[in-house]
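A look at the structure
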Amino acid sequence: MVLLALRIRAEFKNIWKLEPQGGVNDRDFGYLLKVKCVNCREIGKKEVCLSYNEAVLEGARKFVHLQKKCTFCGSQGTIKMLLGRGCPLTNILTEAGDSACLMVFDCSGYEPIHFSFTAGWRVQSIAGTEFENVDLSPGEFVAFDKYAQAPVEISKLSSTFAVVRF
Ligand SMILES: [Zn+2]
């Protein structure tokens, strides 16, 4: 078992924070991931979409968010999402060149290796203007903040998975 934190980073212009539409504990936010079988290192051809509300029952009492059997080596694996460990990406972090931990995945046999930015984000400008259900799949976000009469921009989006140690 290993805990992997999904960390995101970006460059902001006149942006205060970026987070999933319902906040970092959004149970409906979909995490589009490429996953790897730990046993044989085979990477799943299709991306999988995990959201907290779509859990599957594993065993008597344990919920997981992905249950997968490797088509190559036959190993079974699971991934479970851990709520309550994420934080929004704020301009304090971006200006310091830091990343934000968005979600932690408890991995057994399967591990995420790539995260795709898709739709369903909430963006707040420095002036307090909210942009709802922002689609980050183009890799950036550009808009005009009417309240501040200034352009807002998110660029250079990237993500990594880092092992969480205690
Ligand atoms: Zn395998």
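The present account deals with the structure reproduced in this document. (Residues numbered from 1 in each chain as written. Predicted model: local features only at pLDDT ≥ 70, side-chain atom pairs only at ≥ 80, totals over all residues.)

**Regarding the environment of G109**
As for its position among the elements, G109 is in the loop between β10 (100-108) and β11 (110-116). Contacts of G109, omitting those with residues within four sequence positions, involve V38, N39, S75, Q76, G77 and T78. (Helix = DSSP H or I, 4+ residues; strand = E, 2+ residues; numbered from the N terminus. Contact = placed C-beta atoms within 7 Å.)

**Points about the environment of L136**
Of note, L136 is situated in the loop between β13 (130-134) and β14 (141-145). Assessed through the 19 C-beta atoms surrounding it within 10 Å, L136 is described here as partly exposed. Along the sequence, L136 and K46 sit 90 residues apart, while their C-alpha atoms lie 20 Å from each other. When neighbours within four sequence positions are excluded, L136 is seen to be in contact with F117, T118, W121, F141 and L157. (Buried ≥ 20, exposed ≤ 12 C-beta atoms within 10 Å, placed from the backbone.)

**Considering the pairing of strand β3 (residues 31-37)**
Of the two faces of β3, only one is covered, namely that formed by Y31, L33, V35 and C37; the face formed by L32, K34 and K36 stays uncovered. As paired strands, β3 and strand β4 (residues 48-50) are joined by three bridges and run antiparallel to one another. Within β4, the residue paired with L33 across the bridge is V48. Taken together, the six bridges between β3 and β11 define a ladder with antiparallel strand orientation. Directly across from K36, in β11, lies its bridge partner E111. (Pairing = 2+ DSSP bridges.)

**Details of unusual backbone geometry**
Note: most residues except glycine have negative phi, and most peptide bonds are trans. The phi dihedral of Q149 falls on the positive side, at around 55°, and the residue is not glycine. In this fold, Q149 is placed in the loop between β14 and β15 (150-163). For Q149, a count of 8 C-beta atoms within 10 Å corresponds to the exposed category. One non-glycine residue, K156, lies in the positive phi region at around 50°.

**Considerations on the nonpolar core**
Membership of the largest hydrophobic core comes to 30 residues, with the highest contact counts inside it found for L18, I79 and I154. Going through the elements one at a time, β1 (2-13), β2 (15-20), β3, β8 (76-82), β10, β11, β12 (121-125) and β15 are the ones with two or more residues in this core. No other element matches the five residues that β10 contributes to this core. Setting aside chain neighbours within four positions, we find L18 in contact with A10, P88, L89, W121, V123 and I154. (Core = buried A, V, L, I, M, F, W, Y, C linked by C-beta atoms within 7 Å.)

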